[in-house]
Amino acid sequence: MKRFTLLFSLMVAPALLFSACAPATTPIASPTTSAQVATSVPTIALTATSAPQTLTVFAAASLTGAFGDIGKAFEAAHPSVTVNFSFAGSQVLVTQIEQGAPADVFASADHKNMDALVTANLVASGYKDFATNLLTVILPPKNPANVQTLQDLAKPGLKLVLEDPSVPAGNYTRQILTNMSKDPTYGTDFSTKVIANVVSNETDVKQVVAKVDQGEGDAGIVYVTDALAAPDLKSISIPANYNVIAHYPITALEKAPNPNLAAAFVAYVLSADGQAVMKKWGFSPANP
Amino acid sequence: MQRLFHQRRVKKSPGWVFILPSLVLVGLIGLPLFALIWRSIGKDFFTYVFSENALSALKLSLLTSSISIGLTLFTGTPLAYLLAHWKFPGRTLVDMLVDLPVVLPPAVAGIALLMAFGRTGIFGAWLNAIGITIPFTTAAVVIAQTFVSAPFLVRSAKIGFAAIDLQQQEAARLEGANEWQVFRYIMFPLAGRAILTGIILAWTRALGEFGATILFAGNLEGKTQTMPLAIYIGFEQNIKIALVLSVMLLAVSLVFLAFLKKLEEPS
C-alpha cells in the first residue's frame, strides 16, 4: 500500500503542478489601451556593457528582406547584440506571443493582429506605423496560363495561389477582389470567379511567392515588396482605386526579456537610417 | 495488496532505478496530451467537432489515408516479400531507400516530391505535357502520405516474411505451387499479423502527415486540407478549433493503436 501511495503521488504531483502553473484559459478582459500612442523614443543608454545580449524580433514574413538588413545594421551599431528574427504570417506570431513566446519586438503586416495583442495587454506602450505596402499580382517567369490582365484572374481553370484569409495579405487580397467586383468593368461575380480558381491558401506571403516561382501556381497576389524581392517573377500592378494600403505597425512587447534593447530596435526602425532600408526594399513611408 | 510491479528478482534490488526514469518519460509524453484534452473541454466543444471545416478535414484525412494504405499494401507487400526472400543485386540499396522516408524530415519529402512531380519537376513537366498536374490535388495528398508512411508497412511485413520457415515454402513448391501461389497461400496468411501491424503503423503515420502535404499539395478546404493542416490553420485563427481538431485526431489514432495492441497480444 505504501508503495502505491508513493507511486500515485509521484504520478499526480506533476499533473497538479502543471495545471497550477498554467495561465488562465481566458485572458482577463482589459480596457483596450489606446492604440497608436506615439512611442516616446527613449534616449537609449545601452550601458557600455560588453556582455553579449540577444534581441528577439517577431516580424511579418513580408519583412524578411528589409528586417534582415535592419538587423545587420543594428548589430553593427550595437556590437554586443545579436538580433534573432522569427519571420512568419503575422497571425502565427500573434498566437505564439499569446502563448508566451519570449519575443522582444513585434512587427505586424496589419493593425488587426497588433490590436489583438493590445487587447491582451501584451504591448508595452502602444504601437507605431513604420511602413506601408501595396499588393500586386505575380506570375511565374514563363507565365504558363498566359495571364495578361487582371480580368484573366477569373479565367476558369487558372491555378491561383493566395494566402489564407487569416494572413494579413490574404485578408487584403479579398478586400481588393471585393473592390473590383463593385466596378462594372469586372462584374459583380468577379470575386467569386477568382476565389473559385484558388488552389491553395498558404500560411504566409513567402509561401505564395515560392509556389508561383516554382511554376506550380499560375498566379498569386502578394505585396509589391515581395514582387520586387523576386525579380524573376512577372507582375501585373493593381490600380490604386482597387488596391488596399497595408499599414505595418511595430511595438516593444510588454513581456520583452530585454525591454531596453526592444525600445532601441523600435526606435532604429523609425529612424532615418531604418526608414532608408525600408525604402530600399520597396516599402513606402507610414506618413507620406 | 497485490504488487503493482511484477518482476523476477534475482536479488533484492531497488525498483525505483527503473521506475523513476520511466515516470519522467511517461510524464513527458502523457502531460502534454492530458493538457491538450483538458484545454479542449468547453461548452462549444461539439460545435467545433461538427463544424463543416472539421468534418470536411476528417473526411478528407480518412479518405486519403485509406487510399494511401491500399496503394502501399498493393505495392509494399510484394516489395517486402522480395526484400525478405530474394537475393538480387542492389538489395541492400533498395532496403535502405525504402527506409529513408522514416528518417527524412517531412519538409525534405515535400520538396523532393515537388522536384519530381511538380509542374516543372523532372517527371511532372512530362506529365503536365499530357495534361496531368499533380500539385494542389487530392492525389498529391495521397502521394505525400504514401511516401512517408509506406516504409512502416514494408519494414513490418519484411520482418513477418523473414520469420517464416523456408521448409514450408519448399514443401509447397514440391507440391507444384508457383511463386504467386506460395506467396498467396503460404506467406501472406503466415505473415498476416506482421502485415496488419504494418498497416496500422502506416495508417496512423499517413493520418498525421503534415510537412510534405502542405508543401506538395497546398492547403484548400475539402480538397487538400487534411486534419493536420486544419489544425495548423486553426492554431493561427482560434486555438480552440485547433485543440478540438487535435483531440479528434488523437481519438482516431487511439482507436488504431488500441487495435494494434489487441493484435500484439499472444493469441
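Quick notes on the rules
Residues numbered from 1 in each chain as written. Chains lettered and ligands numbered in written order. Predicted model: local features only at pLDDT ≥ 70, side-chain atom pairs only at ≥ 80, totals over all residues. Helix = DSSP H or I, 4+ residues; strand = E, 2+ residues; numbered from the N terminus. Buried ≥ 20, exposed ≤ 12 C-beta atoms within 10 Å, placed from the backbone. Contact = placed C-beta atoms within 7 Å. Domains from an automatic or database assignment. Nonpolar A, V, L, I, M, F, W, Y, C, P; charged D, E, K, R; others polar. Core = buried A, V, L, I, M, F, W, Y, C linked by C-beta atoms within 7 Å. Pairing = 2+ DSSP bridges. Axes fitted to C-alpha atoms, helices over the stretch in contact; angles between N-to-C directions. Parallel < 35°, antiparallel > 145°, perpendicular 65-115°, else oblique. Left-handed = near helix turned anticlockwise from the far one by under 90°. pLDDT = per-residue confidence, 0-100. Expected span 1.5 Å × (residues − 1).

Examining the overall build of chain B
- When its secondary structure is counted, chain B shows 13 helices and zero strands.
- Listing each helix as α and each strand as β along chain B from the N terminus yields α-α-α-α-α-α-α-α-α-α-α-α-α.
- Along the longest, intermediate and shortest principal axes, the C-alpha atoms of chain B span 75 × 65 × 30 Å.
- Each of the 267 residues in chain B was classed as buried or not, and the buried ones make up 36%.

What to know about the overall build of chain A
- Looking only at helices and strands, one finds ten helices and ten strands in chain A.
- Of all 288 residues assigned to chain A, the portion counted as buried reaches 45%.
- Restricting to contacts in chain A with at least 6 residues of sequence separation, those with at least 24 account for 78%.

Here we look at the domain arrangement of chain B
Residue and element names in this part refer to chain B.
- Under the domain assignment, chain B is made up of domain 1 (12-41) and domain 2 (44-264).
- A straight line from the C-alpha centre of domain 1 to that of domain 2 covers 30 Å.
- Contact with domain 1, which involves six residues of that partner, is made by six residues of domain 2.
- Taken together, the residues that form the side of domain 1 that touches domain 2 break down as four nonpolar, one polar and one charged.

A short note on the nonpolar core
- One finds Val105(A), Leu135(A), Leu253(A), Phe265(A), Ala144(B) and Leu245(B) to be the most contacted residues of the largest nonpolar core, which totals 144 residues.
- The greatest single-element share of this core, amounting to 13 residues, is contributed by helix H7 (residues 138-162) of chain B.
- Residue contacts for Leu245(B): discarding those within four places in its chain leaves Ala54(B), Ala57(B), Met227(B), Ala230(B), Ile231(B) and Gly234(B).

Overview of the domain arrangement of chain A
All names here are of chain A.
- In terms of domains, chain A is made up of domain 1 (52-132 + 247-288) and domain 2 (135-237).
- For domain 1 versus domain 2, the distance between C-alpha centres works out to 27 Å.
- Between domain 1 and domain 2, the residue contacts involve 16 residues of the former and 15 residues of the latter.
- Of all the secondary-structure elements, those providing two or more residues to the side of domain 1 that touches domain 2 are helix H2 (64-77) and helix H3 (90-98).
- Take the side of domain 1 that touches domain 2: its biggest share by element is three residues, from H3.

Overview of the sheet that holds strand S7 (residues 198-202) of chain A
Residues and elements named next belong to chain A.
- The mixed open sheet is built from five strands, whose spatial order is S7-S6-S8-S5-S9. The open sheet is flanked by S7 and strand S9 (234-237), the only strands paired with a single partner. Pairs of neighbouring strands in the sheet enclose a mean axial angle of 30 degrees, with direction left out of account.
- Inspection of the sheet shows strand S6 (residues 160-163) paired to strand S8 (residues 219-223) by two bridges, in the parallel sense. When the bridges of S8 are listed, Val-161 appears paired with Gly-220.

Considerations on the packing of helix H1 (residues 16-40) of chain B against helix H13 (residues 239-264) of chain B
All names here are of chain B.
- In contact at an axis separation of 9 Å, H1 and H13 are set at 125 degrees when each is read in the N-to-C sense. Taken as axis vectors, H1 and H13 run oblique relative to one another. As for how H1 packs across H13, the hand of that crossing is left-handed. Where H1 approaches H13, its residues Leu-33, Leu-36, Ile-37, Arg-39 and Ser-40 are matched on the opposing element by Leu-243, Val-244, Ser-246, Val-247 and Leu-250.
- Residue composition of the contact of H1 with H13, grouped by class: seven nonpolar, two polar and one charged.

Here we look at the environment of Ser181(A)
- Within the secondary structure layout, Ser181(A) lies in helix H5 (residues 168-181).
- Along the primary structure Ser181(A) and Pro168(A) are separated by 13 residues, whereas in three dimensions their C-alpha atoms are 20 Å apart.

Some thoughts on the sheet that holds strand S3 (residues 105-107) of chain A
Residue and element names in this part refer to chain A.
- The five strands are arranged S2-S1-S3-S10-S4 in an open sheet whose pairing can be described as mixed. Sheet topology places strand S2 (81-88) and strand S4 (128-133) at the edges, where each strand pairs with a single neighbour. Pairwise comparison of adjacent strand axes, ignoring direction, gives a mean angle of 20 degrees for this sheet.
- Summarising the sheet, S4 and strand S10 (residues 246-252) pair through five bridges and their orientation is antiparallel. In the strand pairing of S10, Lys-128 is matched with Ile-250.

Concerning the confidence of the model for chain B
- Per-chain confidence: chain B averages 89 in pLDDT, with 94% of residues scoring 70 or above.
- Interface confidence for the predicted complex, given as ipTM, is 0.77, next to a pTM of 0.78.

Remarks on the environment of Leu135(A)
Residue and element names in this part refer to chain A.
- Checked against the element boundaries, Leu-135 lands in strand S5 (residues 135-139).
- Residues Leu-135 and Ser-181 lie 46 residues apart in sequence; the distance between their C-alpha atoms is 17 Å.
- Those residues in contact with Leu-135, other than ones at most four positions away along the chain, are Ala-169, Tyr-172, Thr-173, Ile-176, Ile-221, Val-222, Tyr-223, Val-224, Ile-238, Asn-243 and Val-244.

A closer look at the environment of Ile130(B)
- Here Ile130(B) shows up in the loop between helix H6 (124-129) and H7.
- As for Ile130(B) and Ile233(B), which are separated by 103 residues in sequence, their C-alpha atoms are 34 Å apart.

What to know about the confidence of the model for chain A
- Averaged over every residue, the pLDDT of chain A is 85; residues scoring 70 or more account for 82%.
- Across residues 1-45 of chain A, where pLDDT falls below 50, the model places 41 contacts with residues more than four positions away in sequence or in other chains.

A few points about the pairing of S7(A)
Residue and element names in this part refer to chain A.
- Most of S7 is tucked away: four of the five residues are buried.
- Bridging between S6 and S7 involves four bridges; their strand directions are parallel. Within S7, the residue paired with Leu-160 across the bridge is Val-198.

Focus: unusual backbone geometry
- The phi dihedral of Asn121(A) falls on the positive side, at around 60 degrees, and the residue is not glycine.
- As for its placement among the helices and strands, Asn121(A) is situated in the loop between helix H4 (111-119) and S4.

Overview of helix H9 (residues 259-270) of chain A
- The end-to-end C-alpha distance of H9(A), which contains twelve residues, comes to 17 Å, matching closely the 16 Å that a straight helix rising 1.5 Å per residue would cover.
- Of all the residues in H9(A), the buried ones are Leu261(A), Ala262(A), Ala263(A), Ala264(A), Phe265(A), Val266(A), Tyr268(A) and Val269(A).

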